[in-house]
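Summary of structural features
Here's the letter readout for the chains.
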Amino acid sequence: MLYLSIESSCDETAVAVVESPDGCDEFKILSNVIASQVDVHAKFGGVVPEIASRAHIEAISSLTYKALSDASVTPEQIDRVAVTTEPGLIGALLVGVNFAKGFAFSYNKPLLGVNHIKGHVAANYLCGKVDTPFVAFVASGGHTSIIKASSYTDFETVGRTLDDAVGEAFDKIGRRMGLSYPCGAEMDKLAANGDPKAFKLPAVHMKDGSYNFSLSGLKTYIINLLNTAEMKGEQINREDVCASLTKVICDSVIYQIDRVLKENGIKTLLAAGGVLANSHLRAALTEYCGKHGVTLRMPPLSLCGDNGAMIAAAAKYEYEAGACSDMSLDGKPSSKDDWKSY
Ligand code: KG4
Ligand code: ZN
């Protein structure tokens with residue numbers, strides 16, 4: 001089966017052609033192309049939704065035909081079309097959804113809307129069979145979720161951020177330190193040379209018995225620290241800030257993941273999302289899982305950020321479970337927590 005999959009929920013237009021036989025867990029990524037808008041948004045210090053929508057419109061048609069030509073596949077040969085429908089920037093989502101609808105209608109192909117967070121988790125399916133049930137941890141620029149999954153398609157969100165996402169906290173603190181958007185990758189490098197104990201920072205996990213996170217207090221705390229130092233004419237070591245910030249995030253993530261795994265008797269963890277490119281978080285999760293006999297799956301760095309192939313992987317199992325969309329398919333800025341009936 002050949003999937004054409006489209007992702008446009010934020011600031012990357014991404015299209016992939018992925019081959020996967022029905023009833024089998026093997027995938028071949030024939031093409032996976034991305035038109036990044038990072039440079040366009042960098043001068044504003046974050047994503048400008050209207051500019052993102054326009055840039056998607058400009059990119060999507062030629063990018064789709066590039067994905068097809070890189071895969072040496074014609075539109076007629078595509079078996080199924082998949083597209084991210086939620087959650088994300090509504091104007092950006094609608095570009096992908098309407099293009100996918102047009103493509104599916106013109107070539108008379110089945111169409112399926114895919115949840116973006118499910119897509120991030122599915123980046124792991126591309127790398128081999130996964131044991132179920134599993135716990136998934138997704139951290140990106142817009143989302144921070146802990147999910148209990150009883151199968152590849154039945155997901156229940158059990159924890160989330162109540163305010164800023166992990167990537168958003170990195171980006172906003174990084175911007176205050178004068179780094180260029182998106183700041184996560186550069187902060188990862190700075191943290192490697194800093195002292196993680198230089199600043200005593202507040203934890204980001206909720207202490208109310210939930211599996212939730214709250215990052216806005218930490219973000220404000222660090223921005224105040226930077227503002228106060230600037231007012232006093234003092235220098236703050238950026239490496240130390242990044243190392244301390246990364247450590248407190250890693251500690252809180254491990255704290256909540258440990259609780260979810262133990263309280264639900266689950267021994268498999270799938271981590272995903274742009275922030276999982278973070279070398280310190282990858283090392284912390286690897287160390288934790290090694291010590292606790294938990295099987296850890298993380299996508300390679302090339303599949304952590306937004307991409308089209310992960311949407312195809314999620315769509316495959318949804319199609320095989322009987323899901324299909326029609327021409328009333330629409331984008332949605334937010335998503336529900338219980339995806340059983342998706
Ligand atoms: O998944 P993604 O590409 O897009 C969204 O769905 O949001 O994630 C982008 C986020 C940005 O906030 C970026 O700063 C963060 O991932 N990121 C990182 C690293 N690489 C990207 N955060 C921490 N460390 C990294 N190495
Ligand atoms: Zn994403």
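Everything below is about the structure shown above.
Residues numbered from 1 in each chain as written. Chains lettered and ligands numbered in written order. Predicted model: local features only at pLDDT ≥ 70, side-chain atom pairs only at ≥ 80, totals over all residues. Heavy atoms only, no water.

**Some thoughts on the side chain of Arg297**
Heads up, the condition is: Put simply, DSSP H or I for four residues or longer makes a helix, DSSP E for two residues or longer makes a strand, and each gets a number counted from the N terminus. Buried, partly exposed and exposed residues are distinguished by accessible area as a fraction of the type maximum, computed with a 1.4 Å probe on protein chains only: under 20%, between the cut-offs, and over 50%, respectively. Under the convention used here, Asp and Glu are negative, Lys and Arg are positive, and both His and the chain ends fall outside the count. When a carboxyl oxygen of Asp or Glu lies within 4 Å of a side-chain nitrogen of Lys or Arg, that pair is called a salt bridge. Here a polar contact means two N or O atoms within 3.5 Å. Within protein one must be a hydrogen donor candidate and the other an acceptor candidate, and residues neighboring in sequence count only if both atoms are side-chain atoms. Contacts were defined at the residue level, with two residues in contact if any of their heavy atoms lie within 4.5 Å.
Within the secondary structure layout, Arg297 lies in strand E10 (residues 295–297). Buried within the structure, Arg297 lacks any salt-bridge partner; Asp131 is the closest side chain of opposite charge, at an N-O distance of 7.2 Å. There is a polar contact of 2.9 Å between the side chain of Arg297 and the backbone oxygen of Gly128. Sequence-distant contacts of Arg297, defined by excluding residues within four places in its chain, comprise Asn124, Cys127, Gly128, Lys129, Val130, Leu269, Leu270 and Ala271.

**A word on the coordination of the zinc ion (ligand 2)**
Going by this rule: Counted as donors are N, O and S atoms no farther than 2.8 Å from the metal, or 3.2 Å for Na, K and Ca; water is not among the atoms, and sites may therefore look incomplete. Square planar and octahedral sites, with four and six donors, are those where opposite donors lie more than 155 degrees apart and all other angles lie between 65 and 115, tetrahedral sites have four donors with every angle between 85 and 135 degrees, and the rest are irregular.
Taken together, the protein ligands of the zinc ion (ligand 2) are His116 (NE2), His120 (NE2) and Asp306 (OD), with distances of 2.0 to 2.1 Å. For the zinc ion (ligand 2), the 4 donor atoms in the first shell make angles of 96 to 142° at the metal, a pattern classed as irregular. Motif for the zinc ion (ligand 2), donor spacing along one chain: H-x3-H-x185-D. Remark: Asp306 occurs in the loop between E10 and helix H10 (309–320) and His120 occurs in helix H4 (residues 116–122); sequence separation between them is 186 residues.

**Focus on the sheet that holds strand E3 (residues 28–36)**
In a beta sheet, neighbouring strands are held together by backbone hydrogen bonds and run either parallel or antiparallel to one another. Heads up, the rule is: For two strands to be treated as a pair, DSSP must find at least two bridges joining them. The angle between two axes is taken between their N-to-C directions and runs from 0 to 180 degrees, where each axis is a line fitted to C-alpha atoms and a helix contributes only its stretch in contact.
Judged by pairing direction, the sheet is mixed, and its 5 strands sit side by side in the order E3-E2-E1-E4-E5 without closing on themselves. Each having just a single partner strand, E3 and strand E5 (111–115) make up the two edges of the open sheet. Each adjacent strand pair in this sheet contributes to an overall mean axis angle of 20°, direction not counted. Sheet topology note: the strand E1 (residues 2–7)/strand E4 (residues 80–86) ladder contains 4 bridges and is parallel. Looking at E4, one finds that Ser5 is bridged to Ala82.

**As for the environment of Thr246**
Relative to the helices and strands, Thr246 is located in helix H8 (residues 238–264). The spatial distance from the C-alpha of Thr246 to the C-alpha of Met187 is 8.6 Å, given a sequence separation of 59 residues. Apart from residues no more than four positions distant in its own chain, Thr246 is found in contact with Phe170, Ala191, Asn278 and His280. At 2.6 Å, the side chain of Thr246 forms a polar contact with the backbone oxygen of Cys242.

**Details of helix H6 (residues 184–192)**
Keep this limit in mind: Think of the arc as the fan of directions from the helix axis to the C-beta atoms.
Those residues of H6 that sit buried are Met187, Asp188, Leu190 and Ala191. Within H6, the buried residues cover an arc of 170° as seen down the axis, which keeps them to one side. Exposed residues pointing more than 90 degrees away from the buried face of H6 are listed as Ala185, Lys189 and Ala192. Residues of H6 that are buried make contact with helix H5 (166–176), H8 and helix H9 (279–292).

**Quick notes on the layout of surface pockets**
What counts, and what does not: Only protein atoms enter the calculation, which uses a 1 Å grid: trapped sets of points that fit a 1.4 Å probe without letting it out are cavities, open sets showing protein on both sides within 12 Å along at least five of seven lines are pockets, and any residue with an atom within 4 Å of a point is a lining residue. Grid points are joined across faces, edges and corners, and a volume is the space filled by probe spheres set on the points. Residues are grouped as follows: nonpolar covers Ala, Val, Leu, Ile, Met, Phe, Trp, Tyr, Cys and Pro; charged covers Asp, Glu, Lys and Arg; every other residue, Gly included, is treated as polar.
Size it by volume and the largest pocket reaches roughly 1300 Å³. In terms of residues, the lining of the largest pocket owes the most to one element, H5, which gives 6 residues. Looking at side-chain class alone, the lining of the largest pocket contains 17 nonpolar, 21 polar and 11 charged residues. Considering only enclosed or pocket space, the second largest pocket measures out at about 280 Å³ in volume. Surrounding the second largest pocket, 16 residues form its lining, Cys250, Asp251, His280, Ala284 and Glu287 being those nearest its centre. Among the elements of the structure, H8 and H9 are those that each provide at least two residues to the lining of the second largest pocket. Broken down by class, the residue content of the lining of the second largest pocket amounts to 8 nonpolar, 4 polar and 4 charged.

**Structural notes on the environment of Arg282**
One can find Arg282 in helix H9. Setting aside residues no more than four positions away along its own chain, Arg282 makes contact with Leu276, Ala277, Met298, Pro299, Pro300, Leu301 and Cys304. Reaching out from Arg282, the side chain makes a polar contact with the backbone oxygen of Pro299 at a distance of 2.9 Å.

**Let's talk about the site of ligand 1**
Here is the rule we go by: To be near a molecule or strand, a residue needs just one of its heavy atoms within 4 Å of it. For the area figures, the Shrake-Rupley method with a 1.4 Å probe applies, and any residue is considered shielded solely by the protein chains shown. Think of it this way: a molecule belongs to a cavity or pocket when more than half its atoms come within 2 Å of the grid points there.
Inspection of the region around ligand 1 gives 19 residues, with Gly141, Asp171, Asp188, Gly274 and Asn278 positioned closest. At 3.4 Å, a side-chain N or O of Ser140 approaches an oxygen atom of ligand 1. One of the side-chain N or O atoms of Asp171 is found 2.7 Å from an oxygen atom in ligand 1. Bound to the protein, ligand 1 loses 88% of the 560 Å² it would expose on its own. Put simply, ligand 1 lies in the largest pocket. The set of elements that each furnish at least two residues to the shell around ligand 1 consists of H4, H5 and H6. Its residues assigned to classes, the shell around ligand 1 shows 6 nonpolar, 10 polar and 3 charged.

**Brief notes about the nonpolar core**
Selection rule: Definition of nonpolar core: a set of buried residues of the types Ala, Val, Leu, Ile, Met, Phe, Trp, Tyr and Cys, connected through side-chain atoms within 4.5 Å.
Judged by nonpolar contacts, the single largest core of 47 residues is most densely connected at Phe137, Met187, Leu245, Ile249, Leu276 and Leu285. Mapped onto this core, the elements with two or more residues apiece are strand E6 (134–139), H5, H6, helix H7 (216–231), H8, strand E9 (268–272) and H9. Among the elements that take part in this core, H8 stands out by supplying 12 residues, more than any other. Once residues lying within four places of it in the same chain are set aside, the contact partners of Leu285 are Ile254, Ile257, Leu269, Ala271, Leu276, Leu296 and Met298. Grouped together as the second largest cluster of nonpolar side chains are 33 residues, Ala16, Val121, Tyr125 and Tyr152 included.

Nothing here speaks to function; it is geometry throughout.
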